[in-house]
Amino acid sequence: MTLVDTPATLTGGPSLAQERRLVTAIPGPRSQELMARKAAAVAAGVGHTLPISVVAAGGGVIVDADGNSLIDLGSGIAVTGVGNSAPRVVEAVTAQLNSFTHTCFTVSPYEGYVAVAEKLNELTPGDHVKRTALFNSGAEAVENAVKIARHFTKKQAVVAFDHAYHGRTNLTMGLTAKNIPYKSGFGPFASEVYRAPLSYPFRDGGLSGAEAAAKAISVIEKQVGAENLAAIIIEPIQGEGGFIVPAQGFLSALVEWARENDVVFIADEVQTGFARTGAWFASEHEGIVPDVIVTAKGIAGGLPLSAVTGRAEIMDSAMAGGLGGTYAGSPIACAAALATIETYEQDGLIERAREIGSVLIGRLNALRTADPRIGDVRGRGAMVAIELVDPATGAPDAALTNAVAKYAHANGVVLLTCGTYGNVIRFLPPLAISDELLIDGLSVVAEGLKNA
Ligand SMILES: *Cc1c(COP(=O)(O)O)cnc(C)c1O
């Protein structure tokens with residue numbers, strides 16, 4: 001067994017020992033102590049997946065207060081693509097902290113915000129003239145994308161899709177599909193939000209992209225009407241809804257219909273963005289150019305930042321003062337974003353996401369061949385999932401999914417589940433993870449399946 005560092009003096013980042021190391025049961029005594037304080041102090045609605053007390057993280061590991069080192073297959077939900085405490089991010093944030101911490105961009109501007117906007121305008125799909133506005137969270141950016149689309153089109157209705165997840169604020173709860181835990185009892189929800197069917201190849205009887213799009217467009221035309229519709233909002237690969245990759249041609253047919261009908265097409269790339277899927281943005285895999293693209297999670301190495309980027313004529317339609325927020329585009333978060341984007345570029349992390357994807361897909365498909373409870377293996381790049389089912393009926397098996405996740409947690413792997421039916425295990429490792437750790441993490445998942 002390795003000597004355990006004193007947690008209080010442990011430094012995070014990639015220099016942290018890259019190993020799975022359990023020195024106590026999970027949760028250990030110090031983590032249990034924190035969980036007891038949490039239960040007494042923090043609102044019960046703020047849940048947790050894994051009951052540990054984190055003291056350091058970096059590369060592909062998370063270290064807890066008891067000295068356990070866990071393999072990170074979640075990246076804090078697709079946020080720390082560059083790894084925790086990535087060196088360029090730490091350096092840029094430290095320098096920014098030492099120069100100034102806040103002025104409010106809409107009071108007295110600074111360069112970092114503008115530089116992030118320039119970078120997003122350059123990196124997002126399409127070579128049209130673009131503008132960007134920055135916010136704090138994914139939900140806040142989604143809200144603003146809808147505000148802007150309504151202002152531009154002078155129309156009100158918004159269409160979201162089955163299995164969608166767009167956030168926890170009032171409008172974004174309304175856009176989100178799943179009742180429990182996201183919506184139940186939290187209404188009333190915003191009006192003029194409608195839902196269309198999604199292309200879900202594993203569960204829609206194998207409709208082609210064109211057929212699934214025709215079905216969705218028919219619902220939109222019959223139930224909403226293009227003349228009332230400001231925007232369609234969709235995740236190019238759904239996140240919380242179950243890592244659903246729509247059939248080829250579904251998204252492009254929707255984009256085409258939106259363009260013909262003066263409807264703003266908004267891609268919510270909050271989870272899929274920033275190298276995660278083996279491209280800067282998942283829209284690129286389908287060759288689509290969204291009118292507006294919403295980004296957040298992977299943008300700033302763990303600091304809170306989000307963005308709305310879109311066609312200049314759409315983005316510029318809102319009046320001065322109509323967009324913004326006290327902390328929106330914080331100078332510290334902007335410094336982190338610039339360093340994060342530089343890290344994706346300099347460390348070849350888009351390519352790395354593809355390599356991680358082949359390891360994941362290869363090993364998970366091998367497992368699936370031997371285990372019919374794995375109904376589907378899907379995803380792109382370092383955003384991959386398995387859907388667990390009853391092999392006889394194909395019915396979702398949430399109990400098995402929870403059992404595998406529990407086994408992984410107890411054995412030192414941070415593993416996330418998702419899906420409308422709670423039967424999807426999702427893999428979102430930091431792109432800074434080593435193959436060795438990734439493969440070790442997958443072997444724990446395989447053991448979990450065998451034991452369940
Ligand atoms: C996480 C997520 C959001 C919400 O982002 P927050 O920062 O949690 O508000 C919105 N859309 C998608 C696709 C997400 O994955």
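Keep in mind that this is a model prediction, so the values were computed, not measured.

### Things to note about the overall build of the protein
Move 1: Counting its secondary structure elements, the protein contains 13 helices and 15 strands.
Move 2: The C-alpha extent of the protein, read off along each of the three principal axes, is 65 × 60 × 45 Å.
Move 3: On the protein, roughly 18,200 Å² of surface is accessible, and the fraction owed to carbon and sulfur atoms is 54%.
Move 4: Separation between the mean location of the 34 positive side-chain charges and that of the 45 negative ones in the protein comes to 4 Å.

### Focus: the pairing of strand 11 (residues 374-380)
Move 1: Of all seven residues in strand 11, five are buried; the element is thus mostly enclosed.
Move 2: Across six bridges, the pairing between strand 11 and strand 12 (residues 383-388) is antiparallel. When the bridges of strand 12 are listed, Arg380 appears paired with Met383.
Move 3: In textbook terms, the turn of a hairpin is the stretch between consecutive antiparallel strands, and for strand 11 and strand 12 this stretch comprises two residues, one of which, Gly381, has a positive phi near 55 degrees.

### Quick word on empty space enclosed by the protein
Move 1: Counting across every chain of the model gives three cavities of 30 Å³ or more.
Move 2: By volume, the largest cavity is sized at about 40 Å³.
Move 3: Along the walls of the largest cavity sit Thr124, Pro125, His128, Lys130, Pro290, Asp291, Val292, Ile293, Thr309, Gly310 and Arg311, which together make up its complete lining.
Move 4: Elements that contribute at least two residues to the lining of the largest cavity include exactly strand 9 (292-295) and strand 10 (306-311).
Move 5: Top contributing element to the lining of the largest cavity by residue count: strand 10, with three residues.
Move 6: Looking at the lining of the largest cavity residue by residue, the classes come out as four nonpolar, four polar and three charged.

### Considerations on the packing of helix 4 (residues 111-123) against helix 10 (residues 331-346)
The relative placement of two packed helices comes down to the angle between their axes together with the axis-to-axis distance.
Move 1: Remark: helix 4 packs on helix 10, axes separated minimally by 8 Å, with the N-to-C direction vectors making an angle of 35 degrees. Pair helix 4 / helix 10 crosses with left-handed handedness. Between helix 4, through Gly112, Tyr113, Ala115, Val116, Lys119 and Leu123, and helix 10, the contact on the second element is made entirely by Cys334, Ala337, Leu338, Ile341 and Glu345.
Move 2: In terms of residue class, the contact of helix 4 with helix 10 is built from eight nonpolar, one polar and two charged.

### Let's talk about the sheet that holds strand 3 (residues 69-72)
Move 1: Pairing in this open sheet of four strands is mixed, and the strands run 1-2-3-13 from one edge to the other. Each edge of the open sheet carries a strand with a single partner, namely strand 1 (54-58) and strand 13 (413-414).
Move 2: Here three bridges tie strand 2 (residues 61-64) to strand 3, and the two strands are oriented antiparallel to one another. The partner of Ile62 across the bridge, within strand 3, is Leu70.

### Some words on helix 11 (residues 349-370)
Move 1: The end-to-end C-alpha distance of helix 11 is 32 Å, a good match for the 32 Å that 22 residues give at a rise of 1.5 Å each.
Move 2: Listed as buried for helix 11 are Leu349, Ile350, Arg352, Ala353, Ile356, Gly357, Val359, Leu360 and Leu364.
Move 3: Elements that come into contact with the buried residues of helix 11 comprise helix 10, strand 11, strand 12, strand 15 (424-427) and helix 13 (435-451).

### Focus: the site of the ligand
Move 1: Around the ligand, the surrounding shell consists of Ser137, Gly138, Ala139, Tyr165, His166, Gly167, Glu235, Asp268, Val270, Gln271 and Lys297.
Move 2: At 2.8 Å from an oxygen atom of the ligand is found a main-chain nitrogen or oxygen belonging to Gly138.
Move 3: Between a nitrogen atom of the ligand and a side-chain N or O atom of Asp268, the distance comes to 2.7 Å.
Move 4: Burial of the ligand by the surrounding chains reaches 82%, relative to a free accessible area of 380 Å².
Move 5: Classifying every residue of the shell around the ligand by side-chain character gives three nonpolar, five polar and three charged.

### Description of the nonpolar core
Move 1: Counting 87 residues, the largest nonpolar core has Ile266, Leu305 and Phe427 as the members making the most contacts within it.
Move 2: When residues of this core are assigned to domains, at least three fall in each of domain 1 (13-85 + 349-451) and domain 2 (89-346).
Move 3: Non-local contacts of Phe427, meaning those with residues more than four positions away in its chain, are made with Leu73, Phe243, Leu360, Leu364, Ala382, Met383, Val384, Ala385, Ile386, Leu415, Leu442 and Val445.

### Side note on the sheet that holds strand 8 (residues 264-268)
Move 1: If you trace the seven strands from one edge of the open sheet to the other, you get 4-10-9-8-7-5-6, paired in mixed fashion. Taken across any chain shown, the strands that pair with only one partner, and hence form the sheet edges, are strand 4 (130-135) and strand 6 (193-196). Recorded for the sheet is a direction-independent mean angle of 20 degrees between the axes of neighbouring strands.
Move 2: Sheet strands in contact with helix 4 are strand 4, strand 9 and strand 10, and its direction is about 130 degrees off that of strand 4.

### Quick notes on the domain arrangement of the protein
Move 1: Taken domain by domain, the protein consists of domain 1 (13-85 + 349-451) and domain 2 (89-346).
Move 2: For domain 1 versus domain 2, the distance between C-alpha centres works out to 26 Å.
Move 3: Its largest share of buried area at the contact with domain 2, domain 1 owes to Ile350, Arg380 and Met383, together 26% of the area lost on that side.
Move 4: Taken together, the links from domain 1 to domain 2 amount to three salt bridges.
Move 5: A salt bridge links Glu387 to Arg203; the shortest N-O distance between them is 2.7 Å.
Move 6: Counting across the interface, domain 1 meets domain 2 through 17 residue pairs in polar contact (both at pLDDT 80 or more).
Move 7: Contributing elements (two or more residues each) for the side of domain 1 that touches domain 2: helix 2 (75-78), helix 11, strand 11, strand 12 and strand 15.
Move 8: It is strand 11 that provides the largest number of residues to the side of domain 1 that touches domain 2, a total of five residues.

Reading guide: rules and limits
- Residues numbered from 1 in each chain as written.
- Predicted model: local features only at pLDDT ≥ 70, side-chain atom pairs only at ≥ 80, totals over all residues.
- Heavy atoms only, no water.
- Helix = DSSP H or I, 4+ residues; strand = E, 2+ residues; numbered from the N terminus.
- Areas by Shrake-Rupley, 256 points an atom, 1.4 Å probe, with all protein chains shown as cover.
- Lys, Arg positive; Asp, Glu negative; His and termini not counted.
- Charge placed at Lys NZ, Arg CZ, Asp CG, Glu CD.
- Buried < 20%, exposed > 50% of the residue type's maximum accessible area, 1.4 Å probe, protein only.
- Pairing = 2+ DSSP bridges.
- 1 Å grid on protein atoms, 1.4 Å probe; cavity = no way out; pocket = protein on both sides within 12 Å on 5 of 7 lines; lining within 4 Å.
- Points joined across faces, edges and corners; volume = space filled by probe spheres on them.
- Nonpolar A, V, L, I, M, F, W, Y, C, P; charged D, E, K, R; others polar.
- Axes fitted to C-alpha atoms, helices over the stretch in contact; angles between N-to-C directions.
- Left-handed = near helix turned anticlockwise from the far one by under 90°.
- Contact = heavy atoms within 4.5 Å.
- Expected span 1.5 Å × (residues − 1).
- Near = heavy atom within 4 Å.
- Polar contact = N/O pair within 3.5 Å; in protein donor to acceptor, adjacent residues only side chain to side chain.
- Core = buried A, V, L, I, M, F, W, Y, C linked by side-chain atoms within 4.5 Å.
- Domains from an automatic or database assignment.
- Buried area = accessible area lost by both parts, 1.4 Å probe.
- Salt bridge = Lys/Arg side-chain N within 4 Å of Asp/Glu carboxyl O.

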